[in-house]
Amino acid sequence: MISNYKKIVSILLVTLLLASFAFTACGKNNRNDTGNDTKQNRGNESTLPNNSSEETFSYPVEGNKKLTYWVGLNGQVAQLATNLADTPFAKALEEKTGVSVKYQHPAADQAAEAFSLLVASGEYPDIVEYDLIRNYQGGPEKAIMDGFIIELNDKLKSFAPNLTRYYEENPLARKMVMTDSGKFYNFPFIRGGDPLMVYFGPIVRKDWLDDLSMAEPETMDEWYNMLTAFKEEKGASAPLSFQEWMLGNGSAFMGAYGVARDFYLGRDGKVKFGQIEPGYKEFLVEFSKWYREGLLDADLFTVNGNQVAAKITGGDTGASLGYQASGLGNLLRAMEDDPGYDLAGVKYPVLNKGETPMFSQKDIPVRGGGSAYITTDCKDVEAAMRFLDYGYTEEGHMLFNFGIEGTSYDMIDGYPTYTELIMNNPDYSPAIISKQYIRASYSGPFVQDVRYFEQYGYTFEQQRSANANWGVSDIDKYRLPPVTPSTEESQEVATIMGEINTYTGEMFAKYLLGQESIDNFDKYVKNIKNMGIDRVIEIKEAALRRYNNR
Amino acid sequence: MNLKLVKKDFKLNKALYIMVLPVIAYFIIFKYGPMYGALIAFKNFSPGLGIMESPWIGFDHFMKFFENVYFWRVLKNTLLLSIYSILWGFPAPIILALLLNDVKNKKFKKSVQTITYLPHFISLVVIIGLLKSFAETNGLINDFLVLFNVERKPLLMQPEYFRTMYIASNIWQQIGWSSIIYLATLSNIDNNLYEAAYIDGANKWKQTIHVTLPGISSTIIILLILRIGRLLSIGYEKIILMYNPAIYETSDVISTYVYRMGLLNFNWSYSTAVGLFNSVLNFTLLIIANKLSRKYSETSLW
């Protein structure tokens, strides 16, 4: 022990030496001394005038405004356009708003790192669209304090009248977007209806079920019997296959035992961490049995989406977890030529017949993803706000959800109907071609319309029933609302959870593969407690109280 | 006095001084310049305040890392993976070069060289993609192992196989490319030496031991020292592409840990501290390796 200490001390000394050396090499970057003040001023000055222009304002914004806009380019948009500005959608938006926008895109699949580097760089575009709640330690409040984005409270009424009106009509959305101290800071992506928030769940081979004269499974036992039958009668080599992280999407299977994978509200109203609850142990016992008996994909931790899709279409797999459009929809489309092939989205499994699932995937109406923020480097806050507020106007609502009238949709009996160009394009699937004209098929600063989903989400009848089945759950009761811990608390949470997530992820694998006996579950829970889970729960409890008081 | 000397020297070798300028500029701008960023290891970096204005917090981040439950594990994994990489990976190209050197058939030699270079030019992402599907339960490697009555297993989910797969794929990818420098050195060995050895009755093996190896020993040692200097800086890209929670036990190294903590969790200062710790270890090892080499052979970096 003492020798370890000595080693560390000597290492630190060398580090110190190096650092002092590095010190001499610096010299620039003093701009922050003065930079901060001017940044703050910039934010305030534009609020004073223009208050009177509210009544008379109409699009387009005058004065040939130019803005820069950082946003990850959706992979399916990228198939036909290298920059969002090249899409008909962005061109129409520019024409309508009168603001010309230069979009900056991080390299595909590297948005998280690119965003982290963008923030650290200290030089920001006018607008940034990214999930700050999930990806900025300390959340929006910290981002404002760090001088990354600006607070919008005093400007919202004047420069974003349409978003303000939406908030007045939808107090729940308003409660979810504001921070604990009452700050508004974003132009959020809002899902405008229940079916839009449900899009992920269990999928099974319906034709196999019919062949075996089995009903759609509801309980864990029925699932077990079904998977065994798939293996023995249908020769499936991996009866149940999905990407391991997808378990976190709606806590399928473990939900039957009354636990979610992450934090949730228990039946007693207290914040709980699912992976240390007794129910989780029962889940592990059952699931590792499935693995041992070859009902679960042996490659569970390494398979990627394409491999899973290949297994489902190739008859290796008869049950999976997947998304309504990119999973169920794409699979059905791929197998359209095979009339015998059929899939169904079934309810989340429960323990006893007749129970309602506690958990399922169901999004809240307002998430961080798709939200746009105005940074402290933005020189023309009014133009930026006017530009972003357009998404919440009636005209903008139609553009974001349905695109250009006459091209991507027609008004038929007062119902905006997508044209053949979108729904039956000879060259591209609706998923790809729609993203050139609308943003409803992914996300952005606007209110998503249910009518988009009625046409786009249900290309196949199976998707409609899947959506209904997946929506059956008590998740609204047991979900932890989007709470925001304070900066110091978030840092503490991040440090503790960094360790815990590594540990639980690893132990889940070990329990499942049988490398570790589940009898040691108590020790496992104790280790997690030692890592500080109780402190995290305490922080979440406090944040929950603040949220309820908003 | 000294200044005069320099002036005189400059006048004499003007061209040389000018030629070295870009190199010096490169090091200052790209290597020494960014070093001041390492300061944030001792601060609580906040992007709004910038590097200079962020508050000092001393060694807190270092202590946090040393006290971390995973400290010893990532350190051990980093060391073991590096040492095994050198143990198996370093001699491989030397052996290939020695073998190729004795091949008399030009055509055969050229085709072997081309085939072994090729993987070097394939993107890492593609290589790992291949590796992943080979290592599946129903993949190529398992198909092969089954012939020897080995049970099918998802190989990339077994902690005990990770290092083997990592190092073997490294060797496969780099062996041809790394052997080039040895082949070049080998071609410089005077043929008279071989003839003399032959006349003295040395067979092929003895010739290799007493003529070929000494002929390239200085190259080997220099490369080995350089390699040791990079001992702990394992590229995290490859591991991140390969690993999953089931094999963290052997695959989580310092750089992947830094990646998860720093870039994904926005703990810039903390991950810089860990990265700096890694560099200091590297630096120390380099000095030790150089010292040892100077003691036991005539070759060393300085």
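Residues numbered from 1 in each chain as written. Chains lettered and ligands numbered in written order. Predicted model: local features only at pLDDT ≥ 70, side-chain atom pairs only at ≥ 80, totals over all residues. Heavy atoms only, no water.

### Section: the overall build of chain A
A count of helical and extended segments in chain A gives 26 helices and 13 strands. Whereas a compact globule of 550 residues would reach a radius of gyration of roughly 24 Å, chain A reaches 26 Å, a difference of no more than 12%. Across the 550 residues in chain A, those meeting the buried criterion constitute 57%. Of the contacts formed within chain A by residues at least 6 apart in sequence, a portion of 75% connects residues at least 24 apart. Of the roughly 23400 Å² of accessible surface on chain A, a fraction of 49% belongs to carbon and sulfur atoms. (Helix = DSSP H or I, 4+ residues; strand = E, 2+ residues; numbered from the N terminus. Rg over C-alpha atoms; globule rule 2.2 N^0.38 Å. Buried < 20%, exposed > 50% of the residue type's maximum accessible area, 1.4 Å probe, protein only. Contact = heavy atoms within 4.5 Å. Areas by Shrake-Rupley, 256 points an atom, 1.4 Å probe, with all protein chains shown as cover.)

### Quick word on the pattern of salt bridges
If you walk through the whole model with that rule in mind, you get 30 salt bridges over all chains. Between Glu 249 of chain B and Lys 510 of chain A there is a salt bridge, and its shortest N-O distance comes to 2.8 Å. Taken together, the positions of Glu 249 of chain B in helix α14 (residues 248-251) and Lys 510 of chain A in helix α24 (residues 487-513) put the pair across two chains. Using a relative accessible area of 33% as the deciding quantity, one classes Glu 249 of chain B as partly exposed. Given the relative accessible area of 13%, Lys 510 of chain A is considered buried. Each of Asp 180, Glu 489, Arg 546 and Arg 550 of chain A takes part in a single network of salt bridges with overlapping partners. (Salt bridge = Lys/Arg side-chain N within 4 Å of Asp/Glu carboxyl O.)

### Quick look at the packing of aromatic side chains
Summed over the entire model, instances satisfying the criterion amount to 62 aromatic pairs over all chains. Across from the ring centre of Tyr 224 of chain A, 4.3 Å away, lies the NZ or CZ of Lys 289 of chain A, which sits over that ring. Sitting over the ring of Trp 56 of chain B, Lys 43 of chain B keeps its end group 4.6 Å from the ring centre. (Phe/Tyr/Trp six-rings, centres within 6.5 Å; stacked < 30°, edge-to-face > 60°. Lys NZ or Arg CZ within 6 Å of the ring centre and 35° of its normal.)

### What about the domain arrangement of chain A?
Residue and element names in this part refer to chain A. In terms of domain boundaries, chain A breaks down into domain 1 (41-194 + 366-402), domain 2 (199-252 + 278-361 + 460-478) and domain 3 (483-550). Placing a centre on the C-alpha atoms of domain 2 and another on those of domain 3 gives a separation of 28 Å. Three residues stand out in domain 2 for area buried against domain 3, namely Lys 281, Leu 284 and Phe 301, and they jointly supply 47% of the buried area on that side. Inspection of the region where domain 2 meets domain 3 yields zero salt bridges. Summed over the shared surface of domain 2 and domain 3, the number is zero residue pairs in polar contact (both at pLDDT 80 or more). (Domains from an automatic or database assignment. Buried area = accessible area lost by both parts, 1.4 Å probe. Polar contact = N/O pair within 3.5 Å; in protein donor to acceptor, adjacent residues only side chain to side chain.)

### Topic: helix α12 (residues 204-229) of chain B
Along an α-helix, residues three or four positions apart point the same way, because every turn accommodates 3.6 residues. Residues and elements named next belong to chain B. At Ser 217, α12 shows its maximal bend, which comes to roughly 50°. Among all positions in α12, only Gln 207, Thr 208, Val 211, Thr 212, Ile 216, Thr 219, Ile 220, Ile 225 and Gly 229 are buried. Summarising the contacts, the buried residues of α12 are in contact with α6 (91-101), α10 (159-186), α11 (191-199) and α16 (268-296). (Bend = angle between axes of the 7 residues up to and from the residue.)

### Focus: the sheet that holds strand β5 (residues 200-205) of chain A
Residue and element names in this part refer to chain A. Pairing within the open sheet is antiparallel, and its three strands lie in the order β8-β5-β9. A single partner strand is all that each edge strand has here, and the edge strands are β8 (319-323) and β9 (343-345). Here the average twist between neighbouring strands, direction ignored, is 35°. Pairing geometry for β5 and β9, over three bridges, is antiparallel. Bridging from a neighbouring strand, Arg 205 pairs with Leu 343 of β9. Relative to β9, helix α22 (residues 461-470) is tilted by about 30°, and along the sheet it contacts β5, β8 and β9. (Pairing = 2+ DSSP bridges. Axes fitted to C-alpha atoms, helices over the stretch in contact; angles between N-to-C directions.)

### What to know about a positive patch on the surface
All names here are of chain B. A surface patch of positive charge is lined by Lys 4, Lys 7, Lys 11 and Lys 14. Among the elements that make up the positive patch, the one with the highest residue count is helix α1 (residues 2-12) (three residues). Checked against the element boundaries, Lys 11 lands in helix α1. (Patch = residues over 30% accessible without salt bridge, like charges linked within 9 Å, V, L, I, M, F, W, Y side chains within 5 Å. Lys, Arg positive; Asp, Glu negative; His and termini not counted. Charge placed at Lys NZ, Arg CZ, Asp CG, Glu CD.)

### Section: the packing of helix α5 (residues 71-89) of chain B against α6 of chain B
Residue and element names in this part refer to chain B. Where α5 meets α6, the axes come as close as 5 Å, and the angle between the chain directions of the two elements is 10°. With respect to each other, α5 and α6 are oriented roughly parallel. For the pair α5 and α6, contact is made by Ile 86, Leu 87, Trp 88 and Gly 89 and by Pro 91, Ala 92 and Pro 93, respectively. (Parallel < 35°, antiparallel > 145°, perpendicular 65-115°, else oblique.)

### Points about the sheet that holds strand β4 (residues 187-191) of chain A
Taken in spatial order, the six strands of this open sheet run β2-β1-β3-β10-β4-β13 (chain A), and their pairing is mixed. Strand pairing shows two members of the sheet lacking a second neighbour, β2 (100-104) and β13 (447-448) of chain A, which therefore form its edges.

### So, the packing of helix α16 (residues 324-334) of chain A against α22 of chain A
Residue and element names in this part refer to chain A. Relative orientation of the contacting elements α16 and α22 amounts to 145°, with a least axis distance of 10 Å. Relative to α22, the crossing made by α16 is right-handed. In this structure, α16 contributes Gln 324, Ala 325, Leu 328, Gly 329 and Leu 332 to the contact, and α22 contributes Gln 462, Gln 463, Ala 466, Asn 467 and Trp 470. For the contact of α16 with α22, the class distribution of residues is five nonpolar, five polar and no charged. (Left-handed = near helix turned anticlockwise from the far one by under 90°. Nonpolar A, V, L, I, M, F, W, Y, C, P; charged D, E, K, R; others polar.)

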